[in-house]
Amino acid sequence: MPFYHKLGKIPHKRHTIFKKPDGSLYYEQLFGTIGFDGMSSNLYHVYRPTQVKEISSKINVAPQIATANNIKSYRFHGFKVKPENDYLKSRTPILTNADCTIELAAPKKSTANYFYKNADADELIFIHKGTGKLRTHLGNLDFKYGDYLVIPRGIIYKIDFETEDNRLFIVESRRPIYTPKRYRNWFGQLLEHSPFCERDIRRPYELETNDEKGDFLMKIKKQNEVFDMIYATHPFDVVGYDGFNYPYALSIHDFEPITGRIHQPPPVHQTFETDAFVVCSFVPRLYDYHPESIPAPYNHSNIDSDEVLYYVDGDFMSRNDIEKGHISLHPAGIPHGPHPGAAERSIGKTKTEELAVMVDTFKPLQLTKQAMEIADETYHKSWLE
Ligand SMILES: [Fe+2]
């Protein structure tokens, strides 16, 4: 995140002596991204963060592709993805390309006996259902319905849910996830026309510092394999850190919509960016106020990006027969637009309660085997009159 954060105890100067109460040294770790060029944080551990005891096993979790080259519009019934006890097993890849994988998950249990680290990708977790706490080696974040959790690659975490009724929409991104640059000044501060500001971005609090030796199972995802590694000390043993690289939360309910006299294009809804896809938030808002405006979108041809919409709540104005948890995929190469009757229906309406998350990828998405199990094979004909 492009602003400075500090938690716990740190020495006055980096790379200098920092002693524990018993007189021995804390172990410093620079935790950076993009070599030494990207965001980084400077951590101080009770124990060496390098003490691997065993690498016990690995499993391949690469998405299994059902359709590699797709030009068909689809609707997927996201809530048909079955709940699973285990958090990692619950993560079901639906759409994927070289840059990102879009997953659905309905985990029932917290990550009780392992820690998890994704070494391949930043993770964006949208909480559709569920409350709980994301626990990381850089501090904890409470979450609830409507939160985006942004977990940069390499953050070690556990996730605790309060109940068994949880629904997550996840994007794993091999490109770093940032907030849109055009909303930041040259110092990184969010500008006045940004739909959210620093107050809306929740940074980690409650640093857990465990001085504990033993056998600690860490599952590390790297190159689409999950390795089981046993560490000799508790992975949450940081006494303090500072820097710019940390997990954070932003609620979709804190996204302030930008509206106009006539229909505003999707970039006004943009919430996150990478160099391979964007993420937008469609939130309840007043409609366009030109006396002759048509609030529903016009047909548009996203010739070079695939559009994925995840429907969260409310009545989605441009679509017929769309429910919570549905995903629509409008692939690059063909135009899409409002369903028959939607444009007429929207005229004269003053506001919408729709809530949705959109992911537009710049490379085509492939459909997984699990996607086909929840796919509506007739959706592409739903514009026929
Ligand atoms: Fe669209």
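This one's a predicted model, so the numbers in the text were calculated from it and none came from an experiment.

The rules behind each value
Within every chain, residues take consecutive numbers counted from 1 along the sequence as written. With the structure being a predicted model, the display of local features is reserved for residues of pLDDT at least 70 and the display and counting of side-chain atom pairs for 80 or more, all residues being used for whole-chain, interface and lining totals. To obtain the side-chain values, all non-hydrogen atoms of the structure were used and water was disregarded. Counting from the N terminus, the helices are the DSSP runs of H or I reaching at least four residues and the strands are the DSSP runs of E reaching at least two. Partly exposed residues are those whose accessible area sits between 20% and 50% of the maximum for their type, while under 20% is buried and over 50% is exposed, using a 1.4 Å probe and protein chains only. Working definition: rings of Phe, Tyr and Trp (its six-membered ring) pair if their centres are within 6.5 Å, and the pair is stacked with planes under 30 degrees apart, edge-to-face with planes over 60 apart, and tilted otherwise. Counted as salt bridges are all cases of a side-chain nitrogen of Lys or Arg within 4 Å of a carboxyl oxygen of Asp or Glu.

Draft legend 1. Spatial organisation of unusual backbone geometry. Even without a glycine there, the phi angle at E206 is positive, about 55 degrees. Within the secondary structure, E206 sits in the loop between strand 15 (167–173) and strand 16 (213–222). Taking the relative accessible area as the measure of exposure, E206 reaches 35% and is therefore partly exposed. Even without a glycine there, the phi angle at N224 is positive, about 65 degrees. Among the secondary structure elements, N224 is positioned in the loop between strand 16 and strand 17 (225–233).

Draft legend 2. Main features of the packing of aromatic side chains. Scanning the model with the defined rule gives 14 aromatic pairs in all. Summarising the aromatic geometry, the rings of Y74 and F76 are spaced 5.5 Å apart at their centres and angled 10 degrees between planes, so their arrangement reads as stacked. Assessed through its relative accessible area of 5%, Y74 is described here as buried. Judged by relative accessible area, F76 falls into the buried class, the value being 0%. Here F143 and F161 contribute two aromatic rings whose centre-to-centre distance is 5.9 Å and whose plane-to-plane angle is 75 degrees, an arrangement assigned as edge-to-face.

Draft legend 3. Here's a closer look at the pattern of salt bridges. Evaluation of the coordinates by the stated rule reveals 22 salt bridges. Between R75 and D376 there is a salt bridge whose closest N-O contact spans 2.5 Å. With R75 in strand 6 (residues 74–77) and D376 in strand 28 (residues 375–376), the pair connects residues that are 301 residues apart, well separated along the chain. Per residue, the accessibility class of R75 equals that of D376, and both read buried.

Any functional reading would require information beyond the geometric quantities listed.
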